[in-house]
Amino acid sequence: MQVLFAQKSVHQNVKTPNIIIILADDLGWNDVSLHGSEIKTPNIDALIKSGIKLNRFYVAPICSPTRAGLLTGKYPNRFGLRDYVISPVVKYGLPPQEVTIAEALAKAGYKHRGAFGKWHLGHSSKKYHPLQQGFTFYYGHYNGAIDYFTHNRSYQLDWHRNYEPSFDKGYSTDLIANEVIEFIHEKSKGPEPFFAYVPFNAPHAPMQAKHEHLLQYGFDPDRPLLQIGNNPSNRGYNESDPGYGAQGNGNSVRQTYAAMVASLDENIGRIIEYLDKNSLRENTIIWFMSDNGGEEKMGGNNFPLRGQKYSEWEGGVRVISSISWPEKIKAGGICNELTAYIDVLPTLLNLVGGTDNIKRDGINIWPAISDNTTLKRDLFLGGDAVVNKEWKLNKGELFRIDEDPNEKNNLAGTNLQQLRVMLQLLEEFKKINITLKPERQPTGWKAPVYWNIPD
């Protein structure tokens, strides 16, 4: 790995950097053109190339656990949020006693801290709301898998500005980017840096895209629309609402998914363009990643990696990620050290000079980026999986993962000593598990009007 540092821009005063975290939802390893995909992602590709690509970046295999670990720097196992997502009927969320990245950055001088898009960390009580977790502004949806056009989930509008319902019209990916740009416009006027956490819901199901993007991938209105499994009305999620997911369906799942990624890419480009045009780009850190790998039946592609979303194989937990900071990092770097979602908080807090005494599982990875420091570490991937720089164990199979990233050659039968080492690591990690079966809403429960959260 080689990283070269850029010369300081003469057009921007030295100050604490702005921070933007962009989180894609179910974006597969082979769903960006940089990795050879047929899906064109010029803006994501340019963003990755503008900084350092984190080539071995790991997350949890599903949505809510990754978000919980990203925001706290801790394995979600520690608060019983590892093996499930916060679905509409779940009465749980990110424990309010956990210190989030927004709360840590507040102490480091970040007055403006916005969250935009898919929260997915609790909606049954206001104690789980983003505004109770360190953010000063929120715009988006509490649940996963909302309708991209109506913004409904479980028959109710799930679109909000702070605590209040928002009746903004439009495609959700566009609306999220619009609000991020407005936030940057307003909060960059003063001397304080801003922090924007941007978890887009794209390209997660339901499979809905804008017509203009479907046309880019060969949509023909005279051909049948997409069908998932044997149910023509299934647009990617089980909802009894007959209108759910009905708009923006392409001829196939992959075509629709590609068009959804095109919109995501376009809107990431809009955010970056605004930073560029307003002389904010040089001293803004942009950390890009996906929350897990792609789901094949919903159009995702993780080739050549094994597995997909919901699994601890590489295709489920190794995702596209990069850090861009033109004032500090020269374009084109690649880091092959082991990095992860739990490293986001400690790394960013270190970069802005913040400190706290919270014990976290993540580490500051800046030494690996700035001076090629080797990171000697083991990562718990959940389930029965643990990985380090050389080896990976998953479901009893052992791989020399640095030489066999596609997990084709199981060495468990021929390297018993290393197998025992990895099994012992796994057992140690499992000691942090908190077994928690979250309470669910009673049978017959209906979502509250506008998804208003009770006090």
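Note that the structure is predicted; figures quoted are calculated from it, not measured.

1. With respect to the packing of helix H1 (residues 42-49) against helix H6 (residues 253-277)
Consideration 1: H6 packs onto H1 with a crossing angle of 50 degrees between their chain directions and a minimal axis gap of 7 Å. With respect to their mutual orientation, H1 and H6 come out oblique. Of H6, the residues touching H1 (which contributes Pro42, Asn43, Ile44 and Leu47) are Leu264, Asp265, Glu266, Ile268, Gly269 and Ile272.
Consideration 2: A class-by-class count of the residues in the contact of H1 with H6 yields six nonpolar, two polar and two charged.

2. A few points about unusual backbone geometry
Consideration 1: Residue Pro203 is reached from Ala202 by a cis peptide bond, and omega for that bond is 0 degrees.
Consideration 2: Structurally, the position occupied by Pro203 is in the loop between strand E9 (194-199) and helix H5 (211-216).
Consideration 3: Between Ala205 and Pro206 the backbone carries a cis peptide bond, its omega angle lying at 10 degrees.
Consideration 4: Relative to the elements of secondary structure, Pro206 occurs in the loop between E9 and H5.
Consideration 5: Notably, Tyr450 is not glycine yet its phi reads approximately 60 degrees, a positive angle.
Consideration 6: Topologically, Tyr450 is positioned in the segment after helix H10 (416-430).
Consideration 7: For Tyr450, a relative accessible area of 32% corresponds to the partly exposed category.
Consideration 8: Despite not being glycine, Trp451 shows a phi value in the positive range, around 55 degrees.
Consideration 9: Along the polypeptide, Trp451 turns up in the segment after H10.

Rules and cut-offs
- Residues numbered from 1 in each chain as written.
- Predicted model: local features only at pLDDT ≥ 70, side-chain atom pairs only at ≥ 80, totals over all residues.
- Heavy atoms only, no water.
- Axes fitted to C-alpha atoms, helices over the stretch in contact; angles between N-to-C directions.
- Helix = DSSP H or I, 4+ residues; strand = E, 2+ residues; numbered from the N terminus.
- Parallel < 35°, antiparallel > 145°, perpendicular 65-115°, else oblique.
- Contact = heavy atoms within 4.5 Å.
- Nonpolar A, V, L, I, M, F, W, Y, C, P; charged D, E, K, R; others polar.
- Buried < 20%, exposed > 50% of the residue type's maximum accessible area, 1.4 Å probe, protein only.

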